[in-house]
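# Summary of structural features
Chain residues, written in single-letter form:
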Amino acid sequence: VEGGRFRGIVEDIGLMSTQINQLDGVPVTVPNATLLDGSVSNFTDRDFRCIEDRIPVVCDDFRILPTLVDGVQGILEAHNGILQKTEVNALKTKRRSMLKVYAPLCVFDG
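Residues numbered from 1 in each chain as written. Predicted model: local features only at pLDDT ≥ 70, side-chain atom pairs only at ≥ 80, totals over all residues. Heavy atoms only, no water.

Glancing now at the environment of Ile55. Of note, Ile55 is situated in the loop between strand 5 (40–41) and helix 2 (65–78). We classify Ile55 as exposed; its relative accessible area is 63%. Between the C-alpha atoms of Ile55 and Phe108, which are 53 residues apart in sequence, the distance is 9.7 Å. (Helix = DSSP H or I, 4+ residues; strand = E, 2+ residues; numbered from the N terminus. Buried < 20%, exposed > 50% of the residue type's maximum accessible area, 1.4 Å probe, protein only.)

The following block contains the structure:
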């Protein structure tokens, strides 16, 4: 959860306050009035997680890069834990196209 200047995992919600374990491991007791006074983001209540990664490649022959990119793309498309094009389109329809989410894509950037 993230609210105001606090970000972490909710440990306990009480009548007057909420116990949050911050990402650095420090526990914090936040008055519920503080959380209710502003916006709170619940990161566990979402349909997907965005991942962007860069993989450095060192090779003697750059002609293999298209084959490498195609291979990684194939792995992404075969992985059942990654949203595929039909699932992405369904999410966009569900959210009335107000969502920036894309099917997996491997590209060479260099």
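Read on, since the account is not over.
This part covers the pattern of salt bridges. A full pass over the atoms with the stated rule returns two salt bridges. Residues Arg63 and Asp61 are paired through a salt bridge, measuring 2.8 Å at the closest nitrogen-oxygen approach. Look at Asp61 and you get partly exposed, because its relative accessible area is 29%. (Salt bridge = Lys/Arg side-chain N within 4 Å of Asp/Glu carboxyl O.)

Bringing the nonpolar core into the picture now. The nonpolar side chains of a soluble globular protein tend to be buried, and buried together. Core analysis: the largest hydrophobic core is formed by five residues, namely Phe6, Ile20, Val28, Val30 and Leu35. Excluding residues within four positions of it along the chain, Val28 makes contact with Phe6, Thr18, Gln19, Ile20 and Gln22. (Core = buried A, V, L, I, M, F, W, Y, C linked by side-chain atoms within 4.5 Å. Contact = heavy atoms within 4.5 Å.)

Turning our attention to the environment of Pro104. Note on placement: Pro104 falls in the segment after helix 3 (85–94). Judged by its relative accessible area of 15%, Pro104 is buried. Taking the C-alpha atoms as reference, Pro104 lies 15 Å from Leu68; in sequence the two are 36 residues apart. Contact partners of Pro104, with chain neighbours within four places excluded, come to Gln73, Leu76, Ile82, Leu83 and Gln84.

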